[in-house]
Amino acid sequence: MTSIMDFHVDPSSGYCNSDCIYYSKRKPLNLPQEEFLNLPAFLSRQPHTGKIAFIDSGTGYKISYPQVWHSVRSLAAGLAEMGIKKGDVILLLSPNSVYFPIICMAIMSVGGIVTTTNPLNTAAEITKQARDSSAVLAFVTSELVNKLADAKLPLVLIPTMPGFSQATTNNGGASATRSLKDLMATDPAKAPNVRIKQDDTATLLYSSGTTGLSKGVISTHRNLISMACVFMKPSSYNNCFLCTVPMFHIYGLAAFACGLLATGSTIVVLSKFELGEMLAAIEKYRVTYLPLVPPILLALTKTEIARKYDLKSLHSVLSGGAPLSKELTEEFISRFPSITIMQGYGLTETTAIGASTDSQDESRHYGTAGMLAPSTDAKIVDPDSGLALPPNQMGELWLRGPTIMKGYFSNPEATTSALDENGWLRTGDLCYIDNEGYVFVVDRLKELIKYKGYQVAPAELEALLLSHPEIADVAVIPFPDKEAGQVPMAYIVRKQGSTLSEATVVDFVAKQVAPYKKVRRVAFVSGIPKTAAGKILRKDLIKVSASRL
């Protein structure tokens, strides 16, 4: 592998003139070379001094590291007795829970494939995923059983209250219902020794589909092990993390159900996000690291409730899942000067890995997604010419490395479109990399607004609008226009008590941007539709705007 010490590689940017590739400036990962190795086995053998793995924030119920791996072996034995074998797909439908990581690890340890889904999805959407993935079993909480009625799957019921027994409930038409507690009581000595290769499939997560239909992303044990190795850095060990993001999403799954298990850190789990409960948990459990998504960070910045809690233990906030603007970053820092805010960039297709700011010095580069992850290469490619570009020029970000997905499930056309023959993933994100090797995400290529031949990035206008004192949230979309092709339209959530007008919004933007970037239409709404990771669902707003034509 080429390193930045190579003669042709600029040590500042990581850019190589001879092949037009950006190489990571970080120390390469020390990846295991065994052919037969699964993620749970890799995680469980990592040395650390951590004692408590998980705490349920609501009840205070704790699970130690020895208990985690004992429960994984017991559940694996129970799954084997149920007939689950290597290659079987198992659906996990649950809000965040201390049992979520244990279920994932047990499924993977018997060679099964985990597919997760959003509890907020409709029964039809969940049934479609179950059938598309050919799931043979589902883990589900009793409150969500009815959403699986049409899937006709055997069920394993997850206790709603950790540490308590779960009563049997109506199985919604499933052929059999078991209790997670019963399966976890199986003799761990009966856990099968399944020969699992690093290149075998471990997870089948469905992309968020912010601009189109979601696709099943195939990630291998090697992808997940490589991801875990990125987490294994000194700053991650023996800390207390608060899990605010959903574990069914790649961000939450990678960090809280997988990667951090290698570090001995304690994970406090919020079963359901509520700002006051999050702040109370930080105070009660002396949380040191807070991974979150931009909407939560926005809420912290805009509300006064945080002043009611002791947040002195919190030294770092890690924002990921969606772009974080320079303006919002600066506003947060002015409000919480003692907290370091770091950022990360990744996709379901990259196992949540891509770029990050890993120190206070790096975090001062406001607006960046950080430097390339260890052992990760990048290109910035002109979407029109296909030429790879040097620093400070915008184009589509292409990534290559050990965390890149195997492909899309049962979708060779989509796989070929996303992955080239040399392993490069076309991310679909418009980015540039500066002279110091920092990645800046401008917007999604498909979401750029085309105004009279000019390209307007919605994220730029959103960041500007969020700096207005009367705007709580915003989304900008393209609106069809006969003369211009498309014009920027802003959906605005006013702050409580505000009487902000369309004319004021239009004028506010016009004074600060080039004429082609001006907002031409404004609509006021009560909320902005977003994915669980905080990405704006522009396709939903575009449908709403189309109904106005």
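As a starting point, this report considers the structure included with it. Note that the structure is a prediction, hence the values are computed from the model and not measured.

Moving on, we come to the nonpolar core. When a protein is soluble and globular, its nonpolar side chains tend to lie buried together. The biggest cluster of nonpolar side chains holds 128 residues, and the ones touching the most others in it are L75, M105, F139, M278, L300 and L465. Among the nonpolar cores identified, the runner-up in size contains 23 residues, and Y345, Y408, C431 and I433 belong to it.

Even without being glycine, A352 reaches a positive phi, approximately 75 degrees. Considering the arrangement of structural elements, one finds A352 in the loop between β16 (340-345) and β17 (355-356). You will see that S410, though not glycine, has its phi angle at about 50 degrees, which is positive. Relative to the helices and strands, S410 resides in the loop between β21 (407-408) and α12 (412-418). Given the relative accessible area of 64%, S410 is considered exposed.

The next point concerns the environment of Y23. By secondary structure assignment, the location of Y23 is in strand β2 (residues 21-23). The exposure class of Y23 is buried, given its relative accessible area of 6%. Sequence separation between Y23 and P11 is 12 residues, and the spatial gap between their C-alpha atoms is 9.4 Å.

Turning our attention to the environment of A281. When you line up the elements, A281 lands in helix α8 (residues 275-285). In this structure, the C-alpha to C-alpha distance between A281 and Q198, residues 83 residues apart in sequence, is 37 Å. Excluding anything up to four places from it in sequence, A281 contacts S57, L242, L270, R286 and V287.

So, about the side chain of R26. Residue position: R26 is located in the loop between β2 and α1 (39-44). Among the polar contacts made by the side chain of R26, one reaches the main-chain carbonyl oxygen of S356 at a distance of 2.7 Å. Residues in contact with R26, not counting those within four places in the same chain, are S356, T357, D358, E362, M371, L372 and P374.

This next bit is on the pairing of strand β22 (residues 425-433). Taken across its 9 residues, β22 has 7 buried, putting it largely inside the fold. Where strand β20 (residues 395-400) and β22 come together, 4 bridges link them in antiparallel fashion. Note that in β22 the partner of W398 across the bridge is R426. Sheet topology places β22 next to strand β23 (residues 438-444); 5 bridges connect them, and they run antiparallel. The residue of β23 that forms the bridge with Y432 is F440. Linking β22 back to β23 in an antiparallel pair, the connection comprises 4 residues, with G437 at a positive phi of about 85 degrees.

Basis of the calculations
- Residues numbered from 1 in each chain as written.
- Predicted model: local features only at pLDDT ≥ 70, side-chain atom pairs only at ≥ 80, totals over all residues.
- Heavy atoms only, no water.
- Core = buried A, V, L, I, M, F, W, Y, C linked by side-chain atoms within 4.5 Å.
- Buried < 20%, exposed > 50% of the residue type's maximum accessible area, 1.4 Å probe, protein only.
- Helix = DSSP H or I, 4+ residues; strand = E, 2+ residues; numbered from the N terminus.
- Contact = heavy atoms within 4.5 Å.
- Polar contact = N/O pair within 3.5 Å; in protein donor to acceptor, adjacent residues only side chain to side chain.
- Pairing = 2+ DSSP bridges.

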